[in-house]
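Structural features, examined
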Amino acid sequence: MDLKDKRAMIIAADTDSESPRQKENVELVKSSGAIPVLVEVQKLNRINPKTYFGSGKLGYFANVAGEMNIDLVVVCEDLSPSQLENVKDIFDCAVIDRFGLILELFNERATTSFGKLQVKLATLLYMYPRLRGMRKDMDRQYGVVGMRGGGEQKLELDRRELRRRIDRIRAEIKAAKIVEDTKSKRRVESRLPIISLIGYSNTGKSTLLNKILEISEVDDSKKVYADDRLFATLDTHARKIKLPNGSEAIITDTVGLISNLPHQLIDAFTSTLSEIKKADLLVQVFDMSNKSLDMELSTTEELIEELGIGDKTVLKVYNKADKVENPHIYADADLVISAFNEDDVKKTLVAIEEKLFGRATTETKFFSFNEQNILSDFLDTHVVLKTEYVDNGTIVEYRNFGDSY
């Protein structure tokens, strides 16, 4: 679906069209390229099993959509396939639910072959129970009127084809996951500390990563895409960086979060999020200019709890201080920064180093000339501070992290 420049109306179950949840929905619509014209809400005491919202209220929404020349209605609730189909019947324009909107964004933003496969699977799983409504939309669009029997037969053929495609993509993902797991295993076996940037979508994680790469003098081709919109990037990026003490580390940027991310998408990106489990340090990045910061904080904490990584070492970084007139120092903040400020990013690297190496010891190990192969492997898999060549071999000074890395 091409959503660019479509005039969109958001409808949702809420008490206030200006609530943090609705502001996030507006940002979702903007990120898709559509133009959010208005937000309409209904306070629900109970959910209508047929249309989710009250039928009278939906009629009012439809009249408003007609008067405002709305091209797209975004229903920001978790509708069943039949509820979505019934809501579509009430409007004279395109209708999409929140899950469908997020899928549109994911389809546009995935760049790696593995990410594209994951999004494709999530899309097909979304389409399967909604095929009847989609066929009805196409019939409306092209003026097709046919006999019920033929339509039902075509629907069943579509479902069979979709099931075959789902099975095929699952097999491709299984094969691709072996490759991804091998890459991930190599990162773990490198014995370099692994840092994961984690946080809400559009908190500046990718911008922070790019600035860190710049300070580490990493080639510009290794920089990642960053933009001021939700889900600017979906794929996990792993980069080797240098810390202020000269030692190396691996830093990964993970898919951004939003509240109530559909479980099907969490399942599709399990392998991406599992990178966080392998991290030795989580750098939680928050957008301190976000008026819905409380929701951002709770969503991040919920994911950490869900992934079972509450025991990880954490560095809490409050970003976008440049967008706030009087930056508030939060009680749990380790740092308040702007990812565009080089000095702030350098402070972040120092804080990362302290979190990582505060529990490491500096040790030395001797390798005789007969152990050159062992020495070569050791140098590749440890954080080496100094190498000294002596008459009967080599003395290596290195960081010992015990069983941590």
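Residues numbered from 1 in each chain as written. Predicted model: local features only at pLDDT ≥ 70, side-chain atom pairs only at ≥ 80, totals over all residues. Heavy atoms only, no water.

Let us look at unusual backbone geometry. Backbone geometry places Asp 5, a non-glycine residue, at a positive phi of 65°. Considering the arrangement of structural elements, one finds Asp 5 in the segment before β1 (7–13). Phi angles above zero are rare outside glycine, and Asn 69 is one such case at about 55°. Relative to the elements of secondary structure, Asn 69 occurs in the loop between α2 (55–67) and β3 (72–75). (Helix = DSSP H or I, 4+ residues; strand = E, 2+ residues; numbered from the N terminus.)

All right, on to the sheet that holds strand β7 (residues 248–253) then. Reading across from one edge, β6-β7-β5-β8-β9-β10 is the order of the 6 strands in this open sheet, with mixed pairing throughout. The two strands at the open ends of the sheet, each matched to only one other strand, are β6 (237–242) and β10 (335–336). In this sheet, β10 lies alongside strand β9 (residues 313–319) in parallel orientation, the contact comprising 2 bridges. Its bridge partner lying in β10, Tyr 318 is registered against Val 336. Against the sheet, helix α12 (residues 342–357) touches β5 (194–199), β6, β8 (281–287), β9 and β10, its axis set at about 170° to β9. (Pairing = 2+ DSSP bridges. Contact = heavy atoms within 4.5 Å. Axes fitted to C-alpha atoms, helices over the stretch in contact; angles between N-to-C directions.)

The next thing to look at is the packing of aromatic side chains. Evaluated as defined, the whole model comprises 7 aromatic pairs. Between Tyr 60 and Phe 61, the ring centres sit 6.0 Å apart and the planes meet at 55°, which makes this aromatic pair tilted. For Tyr 60, a relative accessible area of 40% puts it in the partly exposed group. Phe 61 gets classed as buried once you look at its relative accessible area, which sits at 0%. Between the aromatic rings of Phe 286 and Tyr 318, the centroid separation amounts to 5.1 Å while the plane-to-plane angle is 40°, which identifies the pairing as tilted. Residue Phe 286 is located in strand β8, and its partner Tyr 318 is located in strand β9; the two are separated by 32 residues in the primary sequence. Here Phe 286 matches Tyr 318 in class, with each residue buried. Among the aromatic residues, those joined into a ring-pair cluster are Tyr 52, Phe 53, Tyr 60 and Phe 61. (Phe/Tyr/Trp six-rings, centres within 6.5 Å; stacked < 30°, edge-to-face > 60°. Buried < 20%, exposed > 50% of the residue type's maximum accessible area, 1.4 Å probe, protein only.)

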